[in-house]
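# Examination of the molecular architecture
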Number of protein chains: 2
Amino acid sequence: MAEGMEREGIAPRKRPVTLRDVAEEAGVSLATASKALNDQGRMTAETRARIQETARRLGFRPNGLAQSLLRQRSFTVGMLTNDTYGRFSLPLMAGISEALVDNGVSVFLCNVEDDPRLGQLHVDAMLEKRVDGIIATGKRLDRRLPIDLSQLGVPVIYAFTEPDADAIAFVSDDEGGARLAVEHLVRLGRRRIVHVTGPARFAVVHQRAAAYRAVLAEAGLAEAPVMMGDWTESWGREAVDILFSQAADGPDAIFCGNDQIARGVIDGLRERGIDVPGSVAVVGFDNWEIVAAEARPPLTTVDMNLAALGREAGLTLLSLVDGKPVEPGIRKLPCRLVVRQSCGRPPGDQ
Amino acid sequence: MAEGMEREGIAPRKRPVTLRDVAEEAGVSLATASKALNDQGRMTAETRARIQETARRLGFRPNGLAQSLLRQRSFTVGMLTNDTYGRFSLPLMAGISEALVDNGVSVFLCNVEDDPRLGQLHVDAMLEKRVDGIIATGKRLDRRLPIDLSQLGVPVIYAFTEPDADAIAFVSDDEGGARLAVEHLVRLGRRRIVHVTGPARFAVVHQRAAAYRAVLAEAGLAEAPVMMGDWTESWGREAVDILFSQAADGPDAIFCGNDQIARGVIDGLRERGIDVPGSVAVVGFDNWEIVAAEARPPLTTVDMNLAALGREAGLTLLSLVDGKPVEPGIRKLPCRLVVRQSCGRPPGDQ
DNA sequence: ATGAAAGCGCTAACAA
DNA sequence: TTGTTAGCGCTTTCAT
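Residues numbered from 1 in each chain as written. Chains lettered and ligands numbered in written order. Predicted model: local features only at pLDDT ≥ 70, side-chain atom pairs only at ≥ 80, totals over all residues. Heavy atoms only, no water.

As annotated in an unreviewed UniProt entry, chain A carries the name LacI family transcriptional regulator and comes from Kaistia geumhonensis.

### Some points on the relation of the copies chain A and chain B
Here is the rule we go by: Only residues with pLDDT of at least 70 in both copies count here: their C-alpha atoms drive the least-squares fit that superposes the copies. Contact between two residues is taken to exist if any of their heavy atoms lie within 4.5 Å; hydrogens are not considered.
The two copies are related by a screw motion: chain A maps onto chain B through a turn of 180° and a shift of 0.0 Å along the axis, at an RMSD of 0.1 Å. Between the two chains, the operation in question is that of a two-fold axis. It is A:Phe108 whose C-alpha, among those of chain A, lies nearest the rotation axis, at 2.2 Å. When the interface residues of chain A are mapped onto chain B, 100% of them are again interface residues, pointing to one common binding face.

### Comments concerning the protein's contact with DNA strand D
Cut-off, in case you're wondering: Note on terminology: near, applied to a residue and a molecule or strand, indicates that one of the residue's heavy atoms is within 4 Å of it. Polar contacts here mean pairs of N or O atoms no more than 3.5 Å apart (in protein, one a potential hydrogen donor and the other a potential acceptor; neighbouring residues in sequence count only if both atoms are side-chain atoms). Starting at the N terminus, helices and strands are each numbered in turn, a helix being any DSSP run of H or I of at least four residues and a strand any DSSP run of E of at least two. Basically, the charged four are Asp, Glu, Lys and Arg, the nonpolar ten are Ala, Val, Leu, Ile, Met, Phe, Trp, Tyr, Cys and Pro, and anything else, Gly included, counts as polar.
Lining the immediate environment of DNA strand D, one finds 27 residues, of which A:Lys35, A:Met43, A:Leu70, B:Leu19 and B:Leu70 sit closest. The protein-proximal atoms of DNA strand D, defined as those within 4 Å of the protein, are 63% sugar or phosphate. Between DNA strand D and B:Gln40 there is a distance of 3.5 Å, counted from a phosphate oxygen to a side-chain nitrogen or oxygen. Among the secondary structure elements, those contributing two or more residues to the surface near DNA strand D are helix H2 (30-37) and helix H4 (64-71) of chain A together with helix H2 (30-38) and helix H4 (64-71) of chain B. Classifying every residue of the surface near DNA strand D gives eleven nonpolar, eleven polar and five charged.

### Concerning the protein's contact with DNA strand C
Of all residues adjacent to DNA strand C, which total 26 residues, the nearest are A:Leu19, A:Leu70, B:Ser29, B:Lys35 and B:Leu70. Note that a phosphate oxygen of DNA strand C is positioned 2.3 Å from one of the backbone N or O atoms of A:Leu19. In this structure, A:Asn38 approaches DNA strand C through a side-chain N or O atom, which is 3.3 Å from a phosphate oxygen. Of all elements in the fold, only H2 and H4 of chain A together with H2 and H4 of chain B reach the threshold of two or more residues within the surface near DNA strand C. Examining the composition of the surface near DNA strand C, we find that four residues originate from one element, H4(A), more than from any other.

### Looking at the pattern of salt bridges
Stated precisely, the cut-off is as follows: What makes a salt bridge here is a side-chain nitrogen of Lys or Arg within 4 Å of a carboxyl oxygen of Asp or Glu, nothing more. Burial classes: relative accessible area under 20% of the type maximum marks a residue as buried, over 50% as exposed, and values in between as partly exposed (1.4 Å probe, protein chains only).
Evaluated as defined, the whole model comprises 53 salt bridges over all chains. The closest approach of N and O atoms between B:Asp164 and B:Arg144, which form a salt bridge, is 2.9 Å. In this pair, B:Asp164 is assigned in the loop between strand E4 (156-159) and strand E5 (168-172) and B:Arg144 in the loop between strand E3 (133-137) and E4, connecting sequence segments 20 residues apart. Assessed through its relative accessible area of 46%, B:Arg144 is described here as partly exposed. Through salt bridges with shared partners, a single ionic network connects A:Asp267, A:Arg270, A:Arg296 and B:Glu271.

### A look at the domain arrangement of chain A
All names here are of chain A. Note the following rule: Domain boundaries shown here were taken from an automatic or database domain assignment. Throughout, buried area stands for the accessible area (probe radius 1.4 Å) lost by two parts on being put together, summed over both.
Assigned domains of chain A: these are domain 1 (2-57), domain 2 (74-172 + 306-334) and domain 3 (174-304). Spacing between the C-alpha centres of domain 2 and domain 3 amounts to 32 Å. Taking both sides of the interface into account, the surface hidden between domain 2 and domain 3 amounts to around 940 Å²; carbon and sulfur atoms contribute 47%. Summed over the three residues of domain 2 that lose the most area to domain 3, namely Arg87, Arg140 and Ser172, the buried surface amounts to 50% of that side. Here domain 2 and domain 3 share two salt bridges between them. Taking the shortest distance from any N to any O, the salt bridge between aspartate 286 and arginine 87 comes out at 2.5 Å. For the interface between domain 2 and domain 3, the tally reads six residue pairs in polar contact (both at pLDDT 80 or more). Per-class residue counts for the side of domain 2 that touches domain 3 are five nonpolar, one polar and four charged.

This is how it looks when you write it as structure tokens:
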């Protein structure tokens, strides 16, 4: 039989090439072939090379299912989310995936909406597939996913969602983020800073408001009542109407609870002929590119660093899977201020 | 030994419960236990019930890896995308997942950006994990993913991305979608309809423009030169400036290439004091909720039905996996017009 | 009606 | 240095 050149480049068709095929073709035993391809055991470099070459030629691809069965490790994790629009889950996913892909770990993405049945379905599927771990993510820090993940028998990490007791969780530091925003305004010399934000039933609304008040107090500035409404542009515009309808002097800065409100605020101000940032500076929250970057002027806003958060979650899950101990608790990851143009030129201190 | 009540509710801890555990506990053989739990073979109803009850009590969960190894089927598919923002990939994913989850199939989501190395990494991982198939998706119908999927040895379906030759693909019917939009305007009595769209290097720009021209011709209306620019709000506003800066009579309807342009157009018109939809009707494309619903007035726009497209792709992949033959070729799935308020009340014909 | 045995494709201990 | 063997957890003939 000629040295197999005729096999070159043939894609495995019907039956995939197995390690046994490689071993036979190379004239060695299964075990030897295995060791050769895993750079384990001892053998002549020549043998190893020959086996590897044979594997390459045959288009051999190890069967991960068999490997996983044996190693008790599937190199697979599940990510649960209820964030249908992906505003939060996609950056998280990007970070998670980035942390895992280089370790050969793939991610099952499962949208459970807010449906317990769907959640159970996905979790069952994951568990049967023997995922090495699960990352639970969401769209709200103060709401749980519609499934109980506390007794699963696999490591679970919570990222950007309300965790169970004694769980390991990563969340954004909303107080810190709000501080960043308000301190920025203070540093720019703004003195009458108001806060227009979302509905009171969101925990973050109170956390951010508390930080807002704290920073004003520290700066010796008067605080205005926090204005709560919807997370929408129209609420932002409405808030501007309220703020500027009285003859009294309006604010010179508005810290908004999210980018959509901020966008509404900016539009409302422009339509009243009020210059941004000249007369009023505006800061948003979320750094939702599509909203923030297209505002007029482009929005200075707080970024929750969700990709980094996802990366941390992924790496931590990996540690857990490797059996390393991880202290339970909630870790708050810092936000970051993205300076665009809605507050004017940043002071020279940066 | 007492009848095991003390085991009730104990979550499997260290070593997961195996079928062997169930068999021993129930006092039967492995084979019998397997059959009992799969509703196969023949045995007394009593035996079957007892085994099932035992499994339940022990919290037995079949090891999908072992099953997959044997059945040569992993109940797992991979979804490839290069759509980082998820504008297209998330609706697709939702549809795909919906079609698959009830069949116990989970989805690996893999963002390959436009990086061939990353793409190869993900595809290799999928193949090693023995995915039953792959769905390739993207953000442009006229660009390929940065990896060759033609010789993988597993079924591949293309959804909303440029397919390889002889592949099975699902795409949106952009001509049809554009027809829907322009015919809507015609039906509402608009006569001077212009088209403001994206860059010429996008194939869809030409497809939609062709449909725009065709509909105008059929209606005996004059077509205006198609205005190509960026896919941005600012281009929409600029287009309005161009259209209305001359004293000549401007259009009474504007068909926009996407929702962002449409939003810019609406803003531009409002800022010029031109009533929408009174004086000018506006239609968008994409039905990107966050942009379309928050426009003033809310935007009538074309929805590409991406979730349905994903569902089709998922179901078709399933057929393929089951060995059913599927005709290769590109299937165009119809779009749908979502009527909001930017064109005025729809005529009584609906 | 039930069970023993042979694998699915691979790895790792132990022999040779 | 290489090969033999015993599984990983499960399904499936084929006996009994």
